[in-house]
Amino acid sequence: MWNLGNMRFHFLAGLLFILSVLGSVACSTAHGQIPAYAGESSAPAAKGKQTAVFAGGCFWGVDAVFKHVNGVSSVVSGYSGGNASTAEYETVSTGTTGHAESVKITFDQSLVSYGKLLRVFFSVATDPTELNRQGPDTGTQYRSVIFYANDDQKTVALAYIDQLNKAKVFSAPIVTQVVPLKAFYPAEDYHQNFLARNPTYPYIVFNDLPKLRALQKEFPDLYKK
């Protein structure tokens, strides 16, 4: 984390150069493309907006990924898992609040299903095998979590994780938590839409832009500019 309003940046110039030469590391440990949720219905879903809340490390990259998914109308970065009194960046960054950096996604279920959002989440937004960390960021605030809003979301999330684990899609077991959504607290304004406003920021360049490229490559039918 780099202190520009206590924002991220740990990398030394030498590491940045090495990464630029070697290229970005894939954000997951999957063996090939992650399969679709087996329980996905082929029948068209009823129209209507729903919300999903995911945590998968630094919210900058997760936010950016889902902003580029067809059927998603808005994404807000914030905090879930803790109390309102501690939903503030400096405090959450201590890793002692119970909060995880999260995103709240509003989507049209007739255009993109919850199962497809989960597939994107596991494929390019997070590495679900990393416990209490993502990439260069460590701490419980960077844990991987699905905060379900209803029983249907809970059922889909648990079934999909079981499907992926049984198929040994990843090189290690999925550690993503599946817990009820109690509340979501929007983050500070300077965290919102961070990638679009700071595309040359080094953390973004080496950690999050590769996720957008992966999204476009793996899900061309879902990708929107």
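Residues numbered from 1 in each chain as written. Predicted model: local features only at pLDDT ≥ 70, side-chain atom pairs only at ≥ 80, totals over all residues. Heavy atoms only, no water.

Trainee: I'd like a rundown of the nonpolar core, residues and numbers included.
Mentor: Among the nonpolar cores identified, the biggest contains 53 residues, and F54, F66, I105, L117, V120, F122 and I146 are the most heavily contacted of them. Broken down by element, this core gets its largest block of residues, 8 residues, from helix 4 (residues 114-125). Contact partners of F54, with chain neighbours within four places excluded, come to F66, S102, V103, I105, Y114, L117, L118, F121, V145 and I146. Listed in part, the 6 residues of the second largest apolar core include A55, A100, V145 and F184. (Core = buried A, V, L, I, M, F, W, Y, C linked by side-chain atoms within 4.5 Å. Buried < 20%, exposed > 50% of the residue type's maximum accessible area, 1.4 Å probe, protein only. Helix = DSSP H or I, 4+ residues; strand = E, 2+ residues; numbered from the N terminus. Contact = heavy atoms within 4.5 Å.)

Trainee: With reference to specific residues and values, describe unusual backbone geometry.
Mentor: In terms of backbone geometry, most residues other than glycine have negative phi values and most peptide bonds are trans. Of note, the phi angle at N132 is positive, near 55 degrees, even though the residue is not glycine. On the secondary structure map, N132 appears in the loop between helix 4 and strand 4 (133-134). For N132, a relative accessible area of 27% puts it in the partly exposed group. Positive phi values are uncommon outside glycine, yet K168 reaches one of about 50 degrees.

Trainee: Any details on helix 5 (residues 151-166)? Residues and values, ideally.
Mentor: Its 16 residues place the ends of helix 5 22 Å apart at the C-alpha level, agreeing with the 22 Å of an ideal helix rising 1.5 Å per residue. Along helix 5, the residues classified as buried are Q153, V156, A157, Y160, I161, Q163 and L164. Relative to the axis of helix 5, the buried residues are bounded by an arc of 160 degrees and lie together on one face. Away from its buried face, by an angle of more than 90 degrees, helix 5 presents the exposed residues D151 and K166. If you follow the buried residues of helix 5, they end up packed against strand 1 (49-56), helix 4, strand 6 (144-148) and strand 7 (177-180). (Expected span 1.5 Å × (residues − 1). Arc of directions from axis to C-beta.)

Trainee: Can you break down the confidence of the model for the protein chain residue by residue, with the values?
Mentor: Put simply, the protein chain has an average pLDDT of 89, and 85% of its residues get 70 or more. Segment residues 1-26 is flagged for pLDDT under 50; beyond a separation of four residues in sequence, or across chains, it makes 47 contacts in the model. (pLDDT = per-residue confidence, 0-100.)

Trainee: Pulling in residues and values, what's your account of the packing of aromatic side chains?
Mentor: Summed over all chains, the structure comprises 11 aromatic pairs. Seen in terms of ring centroids, W60 and Y201 are 5.7 Å apart; in terms of plane orientation they differ by 75 degrees. Their pairing is edge-to-face. Taken together, the residues W60 in helix 2 (residues 59-67) and Y201 in the loop between helix 6 (194-197) and helix 7 (202-218) connect sequence positions 141 residues apart. An identical accessibility class is assigned to W60 and Y201; each is buried. Taken together through their ring pairs, the aromatic side chains of Y37, F54, F66, Y114, F121, F122 and Y160 make up a single cluster. (Phe/Tyr/Trp six-rings, centres within 6.5 Å; stacked < 30°, edge-to-face > 60°.)

Trainee: Describe the sheet that holds strand 2 (residues 72-80), and please don't skip the residues or the numbers.
Mentor: The strand order 7-6-1-3-2-8 describes an open sheet built from 6 strands, whose pairing is mixed. Taken across any chain shown, the strands that pair with only one partner, and hence form the sheet edges, are strand 7 and strand 8 (185-186). With 6 bridges connecting them, strand 1 and strand 3 (residues 100-108) associate as antiparallel partners. Bridged to A52 within strand 3 is I105. Strands in contact with helix 2 are strand 1, strand 2 and strand 3; relative to strand 2, the strand with the most contacts, it is inclined by about 165 degrees. Relative to strand 1, helix 4 is tilted by about 20 degrees, and along the sheet it contacts strand 1, strand 2, strand 3 and strand 6. (Pairing = 2+ DSSP bridges. Axes fitted to C-alpha atoms, helices over the stretch in contact; angles between N-to-C directions.)

Trainee: Give me the lowdown on the pairing of strand 3, citing residues and values where you can.
Mentor: Counting buried residues in strand 3 gives 7 out of 9 residues, a clear majority hidden from the surface. Summarising the sheet, strand 2 and strand 3 pair through 8 bridges and their orientation is antiparallel. The residue of strand 3 that forms the bridge with G78 is S102.

Trainee: Break down the packing of helix 4 against helix 5 for me, citing the residues and quoting the values.
Mentor: A pair of packed helices is captured by two measures, namely the crossing angle of their axes and the spacing between those axes. Following both chains from N to C, one finds helix 4 and helix 5 inclined at 45 degrees, their axes separated by 10 Å at the closest point. As far as their axial angle goes, helix 5 and helix 4 are oblique. Here the hand of the crossing between helix 4 and helix 5 comes out right-handed. Between helix 4 and helix 5, the residues in contact are Y114, G115, L118, R119 and F122 and Q153, V156, A157, Y160, I161 and L164, respectively. Partitioned by chemical class, the residues of the contact of helix 4 with helix 5 number 8 nonpolar, 2 polar and 1 charged. (Parallel < 35°, antiparallel > 145°, perpendicular 65-115°, else oblique. Left-handed = near helix turned anticlockwise from the far one by under 90°. Nonpolar A, V, L, I, M, F, W, Y, C, P; charged D, E, K, R; others polar.)

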